[in-house]
Structure formats: structure tokens, C-alpha cells
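# Structural overview
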Amino acid sequence: MYLTPEEERMMAGESGPTLQKAMEILVALGDIYEADRLIPIKSAQIAGVSYKTMGDAGLEWISDLEGKVQVPSILNPAGMDLERWQEMGISAEFAEKQQEIIEAYRNLGIGVQCTCTPYYLQSFSATYGDHLAWSESSAVSYANSVIGARTNREGGPSALCAALVGKTANYGYHLDENRIPELMISVDCELDASDYAVLGYIAGKAAGKRVPLFKMRSTPHRDQLKALGAAMAASGAVALYHVDGVTPETCRKDFEPPAEQLTIEKSQIDEVYETVSGDGITECDSAAVGCPHCSPEELEDVAAKLEGKVVDNNVWIFTSREVAVSNPKIVESIERSGAKVLCDTCMVVSPATDKFSHMAVNSGKAYAYLPGMCKVAATIANIEKCMEKGGGAHSD
Ligand SMILES: C[C@@](O)(CCOP(=O)(O)O)CC(=O)O
Ligand code: SF4
């Protein structure tokens with residue numbers, strides 16, 4: 001891979017050991033994937049934040065780094081709401097370690113917004129054609145597919161290295177030839193709400209790591225595209241998809257229809273709604289919404305569904321701190337029911353979820369991950385049913 005003289009000097013350690021290590025990692029990845037050079041990035045989104053997934057080894061690694069990130073960079077969800085962790089039942093020992101991780105990242109100049117939906121933040125925009133180094137798989141899918149920006153699914157460490165250098169290796173989804181659809185998926189019914197999450201769960205399994213092109217009867221809006229992409233990245237490894245006439249690259253380019261085609265039918269979607277993932281012998285004892293983190297519109301929808309209701313079980317609604325702080329009335333309205341709006345974390349990366357046995361979710365991604373990552377069974381349903389089945393919501 002070609003390196004500029006300045007990059008060569010960094011590699012040789014002239015800018016200190018952290019940048020030397022960061023360059024070594026970027027160049028090693030570039031060599032594996034046959035990148036021609038490094039390219040500048042607009043921003044980084046860095047996974048590897050929850051102490052639950054990082055452990056002491058991860059904490060030690062980031063604590064040893066020095067210097068400052070070169071581009072706007074933010075974090076993925078942590079293992080707890082950084083302010084209301086006690087209400088989640090998080091131990092003081094975990095909270096202390098989690099704060100140490102956050103401080104280590106802060107010292108590197110990384111913004112302490114812990115969210116997988118950085119594209120909802122006012123100060124963190126990404127636009128069509130931007131090169132990025134994002135790591136959370138649903139954020140990667142959204143950036144590539146819905147925004148039309150370009151990022152590989154970076155690992156936490158490689159996103160951090162890219163942030164420190166301000167560049168990433170030019171391979172994978174940064175290149176036009178890897179953005180061409182490889183599989184056509186026709187959807188044989190009208191879809192609404194959580195149907196897109198279920199569709200993603202089914203389509204991800206079929207697509208694996210290929211780039212699907214959807215033909216749909218209904219027109220998904222941005223939050224439905226988010227749910228679709230998140231699920232496909234979890235049940236499969238889809239980092240980029242297109243929806244004919246909806247996502248930006250299909251409107252700007254003339255893609256050849258892929259030779260391989262499949263159809264997804266209503267009956268397949270209904271089957272997922274009826275199937276518990278994991279060992280779901282018990283009734284639902286909790287509900288969670290916000291995987292990926294809720295947009296303001298999704299919070300409003302939850303508030304409308306809980307209007308005049310109270311919940312008997314734990315109901316957790318996850319969003320970024322910025323979205324929660326900018327929408328205090330909606331948050332207040334949700335919390336009047338007894339549900340909690342939690343920030344900086346989620347049901348998958350927080351150890352607080354482990355105390356439940358069966359969670360109702362509206363997310364195909366949470367449905368796929370809860371049994372494996374939290375040993376919690378999951379039922380997937382629309383928000384209203386999640387509130388009733390999982391949250392025990394009833395009239396006030
Ligand atoms: C659960 C997930 O959404 C985020 C967890 O990653 P981490 O704890 O930030 O390394 C994984 C992913 O799909 O990127
Ligand atoms: S809310 Fe979902 S998409 Fe976001 S970090 Fe957690 S598991 Fe990933």
C-alpha cells in the first residue's frame with residue numbers, strides 16, 4: 001500500500017508510539033484487503049465501550065493510548081446510563097470501571113455521546129459520499145445504505161486508530177465496485193412498523209454478507225430503514241443494502257438487476273412474530289424499545305402508545321442523551337407510565353438486562369442478539385404489543 005512521506009514518518013514512530021501503533025494497525029488491514037492507500041475520513045464512531053464487552057483488557061488498551069483524535073469521533077453505547085445506572089440495578093464496581101473507560105476515551109478527545117445512532121445528532125452529520133470509519137453494525141448499515149456515505153464495518157480498535165490518524169484504508173465499501181447489488185429481494189406484501197425489523201431478520205439470514213437490493217410495495221421511512229438494516233447486520237452480516245427508488249444510490253445510479261432473486265412473503269414474517277428466540281418457556285417479564293437508539297419520532301410514538309397507561313414490568317426505552325435532552329416533554333410523558341427512558345446504553349450491551357428471562361422487543365437485532373449476548377429469550381412485536389405483553393401496560 002502506498003504511504004505518503006508523512007504517513008511513513010508516523011509509521012517510523014516520529015509522531016509517538018500511539019500514532020505508530022495506529023498506523024501499523026491501519027496498514028496491516030489495508031494490506032490484508034489490498035487497499036491502494038489511506039483516505040481521509042469525516043468522522044469515526046467507536047464501538048468497544050461497554051465494560052461488559054470490553055473487560056479489563058480493553059480498558060487497559062485504551063488507557064495506554066495518548067494523543068487526540070483528528071476527526072469528530074463519538075462512542076457506541078456503554079454498559080449503563082451514565083447518570084441513572086443505579087436505577088438500572090448496575091453495581092458500583094461495574095459503574096466505576098465503566099466510568100474509567102469513558103474517561104480514557106474522553107482523554108483522547110472523543111465526544112462522550114454513547115450512541116449507535118450518531119446520525120440523529122445535530123453536531124455529527126454525515127452526507128452522501130463521505131468516507132467514514134464507523135463500527136457499530138447498524139450505524140454502518142445506515143451510513144452506507146440510507147445516507148449513501150461509505151464505511152466498512154470497523155472493529156472498535158480500527159475505528160479508534162482511524163480516528164487518531166484521521167484516515168482509513170481504501171477498500172471494501174469505500175470502493176464503487178463493492179457497492180453493487182448482488183441479490184434481489186422482492187417483498188410480496190405491504191409492511192408497517194416492526195414488520196421492517198422482521199423482514200431484516202429474515203433477509204439477513206438469506207443475504208449473509210452480500211449486498212441486497214429490495215423491491216418493496218410499501219415505502220419505508222428512515223426509522224424503518226434503520227430497523228431493517230440493523231436486523232440484517234445481526235442475523236446476517238449485511239453492511240450495505242439498497243431499496244429500489246428509496247435509498248440514495250438507487251436514485252443516482254442505474255444498477256443492473258442481480259441475477260439471484262428471492263421473494264419474502266407475509267407468511268414468513270408472521271412466523272417470526274410467532275416464534276420466541278432463545279429459551280422462551282416463561283411469559284415475557286420486560287420490554288425494551290430503542291435498538292438501534294430511538295429517534296425523536298420514535299420516542300413520540302412510544303409516548304402516544306403509553307398515553308393514559310401504566311406499566312407493571314420494567315419497560316426500557318433507549319435513546320441517545322442528546323435526543324432525550326432535546327425532547328423533555330416526550331420523555332416526561334413516557335415516564336409518567338412508569339417506563340424509563342435510558343440513555344448511553346442499550347438492552348444488549350448492558351449487564352442490567354441479564355436479570356430478565358424473556359423480553360418483548362420491536363427490534364430484529366435485539367431479537368437476534370438477546371439470547372446469545374444476555375441469555376434472555378426474546379419475542380418480537382410492534383410497540384403496542386411490546387408494551388402490553390412485555391410491559392404489562394394497562395389503562396391508568
Ligand atoms: C451489540 C453491538 O451492536 C454493539 C456492541 O459492541 P461493543 O460493545 O460496543 O463492542 C454489536 C454490533 O452489531 O456492532
Ligand atoms: S441498541 Fe442495538 S444497535 Fe444499538 S448498540 Fe445496542 S445492540 Fe447495537
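Residues numbered from 1 in each chain as written. Chains lettered and ligands numbered in written order. Predicted model: local features only at pLDDT ≥ 70, side-chain atom pairs only at ≥ 80, totals over all residues. Heavy atoms only, no water.

Right, let's talk about the sheet that holds strand β2 (residues 44-46) for a bit. On the basis of which strands lie adjacent, the open sheet formed by four strands has the order β4-β3-β2-β5 and parallel pairing. Edge positions in the open sheet fall to β4 (111-114) and β5 (133-134), since each of these has one partner strand only. Summarising the sheet, β2 and strand β3 (residues 73-75) pair through three bridges and their orientation is parallel. Among the inter-strand pairings, glutamine 45 is bridged to a residue of β3, identified as isoleucine 74. Sitting on the sheet, helix α4 (residues 92-107) touches β2, β3 and β4, and the angle it makes with β4 is about 135 degrees. (Pairing = 2+ DSSP bridges. Helix = DSSP H or I, 4+ residues; strand = E, 2+ residues; numbered from the N terminus. Contact = heavy atoms within 4.5 Å. Axes fitted to C-alpha atoms, helices over the stretch in contact; angles between N-to-C directions.)

This part takes up the sheet that holds strand β13 (residues 314-319). On the basis of which strands lie adjacent, the open sheet formed by five strands has the order β14-β13-β11-β15-β16 and parallel pairing. The open sheet has two edge strands with one neighbour each: β14 (340-343) and β16 (377-380). Each strand axis lies, on average, 30 degrees off the axis of its neighbour in the sheet, ignoring direction. In the packing of helix α15 (residues 383-390) onto the sheet, contacts are made with β11 (286-294), β13, β15 (358-361) and β16, and the angle to β11 comes to roughly 145 degrees.

Here the focus is the packing of helix α7 (residues 195-207) against helix α10 (residues 266-273). Packed helix pairs are characterised by how far apart their axes lie and by the angle those axes make with each other. Where α7 contacts α10, the two axes come as close as 10 Å, and the packing angle between them is 100 degrees. Relative to α10, α7 is oriented roughly perpendicular. Here Asp195, Val198, Leu199, Tyr201 and Ile202 of α7 lie close against α10, whose contacting residues are Gln268, Ile269, Val272 and Tyr273. Within the contact of α7 with α10, the residues separate by chemical class into seven nonpolar, one polar and one charged. (Parallel < 35°, antiparallel > 145°, perpendicular 65-115°, else oblique. Nonpolar A, V, L, I, M, F, W, Y, C, P; charged D, E, K, R; others polar.)

A word on helix α6 (residues 156-165). Where burial is concerned, most of α6 is hidden: nine out of the ten residues are buried. Among all positions in α6, only Gly156, Ser158, Ala159, Leu160, Cys161, Ala162, Ala163, Leu164 and Val165 are buried. Following α6 by one or two positions, glycine 166 adopts a phi angle in the positive range, close to 80 degrees. (Buried < 20%, exposed > 50% of the residue type's maximum accessible area, 1.4 Å probe, protein only.)

Right, let's talk about helix α13 (residues 328-335) for a bit. Considered for burial, the residues of α13 that qualify are Ile330, Val331, Ser333 and Ile334. Around the axis of α13, the buried residues are gathered within 160 degrees of arc, so they sit on the same side. Relative to its buried face, α13 has exposed residues pointing more than 90 degrees away, namely Lys329 and Glu332. (Arc of directions from axis to C-beta.)

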